[in-house]
Amino acid sequence: MDTNNRITQDQINNTLWAACDTFRGAFDSSEYKNYILVFMFLKYLSDVWKDKLDEYRVQYGDDEELLKRKMKRERFVLPEDCTFDYIYDHRNDADIGEKIDKVLARIEDQNLEKLEGVFRNISFNSEKLGQTKDRNRRLKNLIADFANPILDFRPSVLGRKEDLIGNAYMYLIERFASGAGKKGGEFYTPHEVSELLAKLVSPKAGARICDPTCGSGSLLITVAEEVKDKNGKASNDFSLYGQESNGDTWALAKLNMFLHSMDSADIEWGDTINNPLLLEGDNLMKFDVVVANPPFSLDKWGHEDAEADRFKRFLRGVPPKSKGDYAFILHMIDTALPTGKVGVIVSHGVLFRGSAEGKIRQKLIEENLLEAVIGLPTNLFFGTGIPAAILIFNKAKKHQDVLFIDASKEYQEGKKQNKFRNEDIARIAATYQSFETVEKYAYRAKLEEINENDFNLNIPRYVDTFEEEEPIDIPKVQEEIKQLEAELIEVRKEMDGYLKELGF
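Procedures and definitions
- Position numbers for residues count from 1 along each chain, tracking the sequence in the order it is written.
- Given that this is a predicted model, residues contribute local features only at a pLDDT of at least 70 and side-chain atom pairs are listed and counted only at 80 or more, while totals for whole chains, interfaces and linings are drawn from all residues.
- Side-chain descriptors were evaluated using all non-hydrogen atoms of the structure, hydrogens and water having been removed beforehand.
- Numbering of helices and strands runs from the N terminus; a helix is a DSSP stretch of H or I covering at least four residues, while a strand is a stretch of E covering at least two.
- Relative accessibility decides the category of a residue: with a 1.4 Å probe and only protein chains considered, values under 20% of the type maximum give buried, values over 50% give exposed, and everything between is partly exposed.
- We call two residues in contact when some of their heavy atoms are within 4.5 Å.
- Values of accessible area rely on a 1.4 Å probe in the Shrake-Rupley scheme; residue burial ignores everything except the protein chains shown.
- When charges are counted, Lys and Arg are positive and Asp and Glu negative, with His and the chain ends excluded.
- For the purpose of locating charges, the reference atoms are NZ of Lys, CZ of Arg, CG of Asp and CD of Glu.
- Each pair of strands is called paired provided DSSP finds at least two bridges between the two strands.
- In this description, a line fitted to the C-alpha atoms serves as the axis of each element, helices being fitted only across the stretch in contact, and the angle between N-to-C directions of two axes falls anywhere from 0 to 180 degrees.
- Centres within 6.5 Å are what make two rings of Phe, Tyr or Trp a pair, Trp counting through its six-membered ring; a difference in plane orientation under 30 degrees is then read as stacked, over 60 as edge-to-face, and the rest as tilted.
- In this scheme, the term charge over a ring applies when either NZ of a lysine or CZ of an arginine sits within 6 Å of the ring centre and within 35 degrees of the ring normal.
- What makes a salt bridge here is a side-chain nitrogen of Lys or Arg within 4 Å of a carboxyl oxygen of Asp or Glu, nothing more.
- To estimate how far a helix should reach, multiply one less than its number of residues by 1.5 Å.
- Angular relationships are summarised with four words: roughly parallel below 35 degrees, roughly antiparallel beyond 145, roughly perpendicular across 65 to 115, and oblique for the angles in between.
- If you view the pair so one helix is near and one far, a crossing is left-handed when the near helix is turned anticlockwise from the far one by less than a right angle, and right-handed when it is turned clockwise.
- Amino acids outside the nonpolar list (Ala, Val, Leu, Ile, Met, Phe, Trp, Tyr, Cys, Pro) and the charged list (Asp, Glu, Lys, Arg) are all regarded as polar, and Gly is one of them.

With that settled, the discussion passes to the overall build of the protein chain. Across its full length, the protein chain carries 19 helices and eleven strands. For the protein chain, the C-alpha atoms occupy an extent of roughly 95 × 80 × 50 Å along the three principal directions. For the protein chain, the residues scored as buried account for 50% of the 504 residues in total. Of the contacts formed within the protein chain by residues at least 6 apart in sequence, a portion of 73% connects residues at least 24 apart. About 25000 Å² of surface is accessible on the protein chain, with carbon and sulfur atoms providing 47% of the total. Looking at charge distribution, the protein chain has the averaged site of its 69 positive side-chain charges lying 3 Å from that of its 87 negative ones.

This next bit is on the sheet that holds strand 2 (residues 238-244). By definition, the strands of a sheet pair up through backbone hydrogen bonds, in either a parallel or an antiparallel sense. Taken in spatial order, the nine strands of this open sheet run 3-2-1-6-7-9-8-10-11, and their pairing is mixed. Every interior strand has two partners, whereas the edge strands, strand 3 (266-269) and strand 11 (442-445), have only one. Averaged over neighbouring strand pairs, the angle between their axes works out to 15 degrees when direction is ignored. Summarising the sheet, strand 1 (residues 207-211) and strand 6 (residues 287-292) pair through two bridges and their orientation is parallel. Residue pairing in the sheet places Cys210 in a bridge with Val290 of strand 6. With respect to the sheet, helix 10 (residues 191-201) is in contact with strand 6, strand 7 (336-347), strand 8 (370-375) and strand 9 (388-394), its orientation differing from that of strand 7 by roughly 155 degrees. Most of the contacts of helix 12 (residues 247-259) go to strand 3, to which it runs at about 170 degrees, and overall it touches strand 2 and strand 3.

Following the criterion strictly, the structure yields 21 aromatic pairs and no others. For the pair Phe39 and Phe84, a centre-to-centre distance of 6.1 Å together with 75 degrees between the ring planes defines the contact as edge-to-face. On the criterion of sequence distance, the pair formed by Phe39 in helix 2 (residues 29-60) and Phe84 in helix 4 (residues 84-89) is long-range, its members being 45 residues apart. In this pair, the class of Phe39 matches that of Phe84, namely buried. Aromatic pair Phe41 and Phe76: ring centres 5.9 Å apart, planes at 90 degrees, arrangement edge-to-face. Residue Phe41 is found in helix 2, and its partner Phe76 is found in the loop between helix 3 (64-71) and helix 4; the two are separated by 35 residues along the sequence. Residue Phe41 is classed as buried on the basis of its relative accessible area of 0%. Three or more aromatic residues link up through ring pairs in this structure, and these residues are Trp17, Phe23, Tyr32, Tyr35, Phe39, Phe84, Tyr88, Phe124, Phe146 and Phe176. Seen from the ring of Tyr441, Arg427 lies directly overhead, with NZ or CZ sitting 3.5 Å from the centre.

A word on the pattern of salt bridges. Within this structure, the stated rule accounts for 31 salt bridges. The residue Glu226 makes a salt bridge to Lys199 at a minimum N-O spacing of 3.5 Å. Taken together, the residues Glu226 in the loop between helix 11 (218-224) and strand 2 and Lys199 in helix 10 connect sequence positions 27 residues apart. You can call Glu226 buried: its relative accessible area is 16%. Between Glu371 and Lys341 there is a salt bridge whose closest N-O contact spans 4.0 Å. Of the two residues, Glu371 is situated in strand 8 and Lys341 in strand 7; the sequence distance between them amounts to 30 residues. Neither residue differs from the other here; Glu371 and Lys341 are each classed as buried.

Attention now moves to helix 7 (residues 132-146). The end-to-end C-alpha separation of helix 7 is 21 Å, in line with the 21 Å expected for 15 residues at 1.5 Å each. Contacts from the buried residues of helix 7 go to helix 1 (9-19), helix 2, helix 4 and helix 5 (96-110).

So, about the packing of helix 1 against helix 9 (residues 163-179). If you want to describe how two helices pack, look at the angle between their axes and the distance between the axes. At a minimum axis distance of 9 Å, the contact between helix 1 and helix 9 shows a crossing angle of 45 degrees. Judged by the inter-axis angle, helix 1 sits oblique to helix 9. Relative to helix 9, helix 1 is oriented so that their crossing is right-handed. Here Gln9, Ile12, Asn13, Asn14, Leu16 and Trp17 of helix 1 lie close against helix 9, whose contacting residues are Asp163, Leu164, Asn167, Ala168, Tyr171, Leu172, Arg175 and Phe176.

Counting buried residues along helix 14 (residues 325-334), ten of its ten residues qualify, which places the element largely inside the surrounding structure. Residues of helix 14 that are buried include every one of Asp325, Tyr326, Ala327, Phe328, Ile329, Leu330, His331, Met332, Ile333 and Asp334, and no others. Packing partners of the buried residues in helix 14 comprise strand 5 (283-284), strand 6, strand 7, helix 15 (349-352), helix 16 (355-366) and strand 9.

Contact geometry for helix 2 and helix 7: axes closest at 11 Å, N-to-C directions at 45 degrees. As far as their axial angle goes, helix 7 and helix 2 are oblique. Judged by the sense of rotation from one axis to the other, the crossing of helix 2 with helix 7 is right-handed. Residue-level inspection shows Ile36, Phe39, Met40 and Lys43 of helix 2 in contact with helix 7, the latter providing Leu142, Ile143 and Phe146. For the contact of helix 2 with helix 7, the class distribution of residues is six nonpolar, no polar and one charged.

See below:
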């Protein structure tokens, strides 16, 4: 294909978003997102398979046995009649929904090691898509949308730029999250916040990286893309681990990894606090970098079983029943290696609430684990306007100080949501790296100062952002008032004149 005519990222994104029109109005985007994203993955598998088969045909001719042997070694193996072309040819069939389900089941069976359970919660033959006639019409439209040449995902067409597909998948997830309000925050962390967190934890080549509440996997992937070797160059030398409690979202995370060519990522489905599944023998697996955007103030997180936790994650204290924030923080700290770093997004209450949380916070500070507290702008996250903060814990800290950064005032205002600009991210990252006080922006606090504040980490206690107002020149203001009053008298006279002319 002529490189000048190559499909762009925007074209792919817009065409995929337009394909969602098939379902809009019929049911909620929090439901139909799974259909669109699974179908996109099916189209991707099918196009890559087709491309490889064509390539081998050119190399080896029509020796079907040899071709079969070669294709069996591919990353994903598609059984016969399990391609998008097969689905397209049967788009007018009365049982098209059932046929798509069978195709997905057969693909899963053929690739169990990678895809086991990924399609278990989705059915294209479900009444969710409407009664038979409506469902078939919608599916026919969906198939036609994905037959659009812009959504030709063959590597030979994309010019080996397979990151276009991964980017498009992330684009869709972000759009779905934006439309889902509060629910959106449950499966997606805004990309700019993920980018900032990735720069703060600064993963090195060879790192084991984990997100214990990984949602659709976007934060994990963004941190992986930040991995650098010792020369500061991007490196693919890392391993990814995640756990997600929602089955549908877990499936989306798995697909996200495959579409970013991160096939070896180990993403588990289960509740991280009550049933941690990333284990080595009988112990929690340990990581170089642990990042998360856990649910804020989660109620019923598992308080009743915490004291008897077999992994002893709550020796510093048991968080309150109705606020699970510190349960996630303690889990993350316990799963970091002795040289490991933890980056976690929290609500501001985590910085100053007392009782059990206050005691846990004090212990973490006294153990010299907390390295930085970064206040974020309001309205950055989907479905909540409240400001959040990032806490960085460093198990290999070389000093006793904590850096406070107030980044709450530097952002781009949006209609629905505020956003970090590149320069905002760069400033926060550079300030964290230099670890010095910056007037009205950052403060390097000694342990004694935090102690004096009763281990309260509320940022305004440390970073003084107060701007003195200019002194008011009273005589000048009085003079201006006199002048305005005189002008008002003149305007009234003029107005009276006009009114007389009009007969009033």
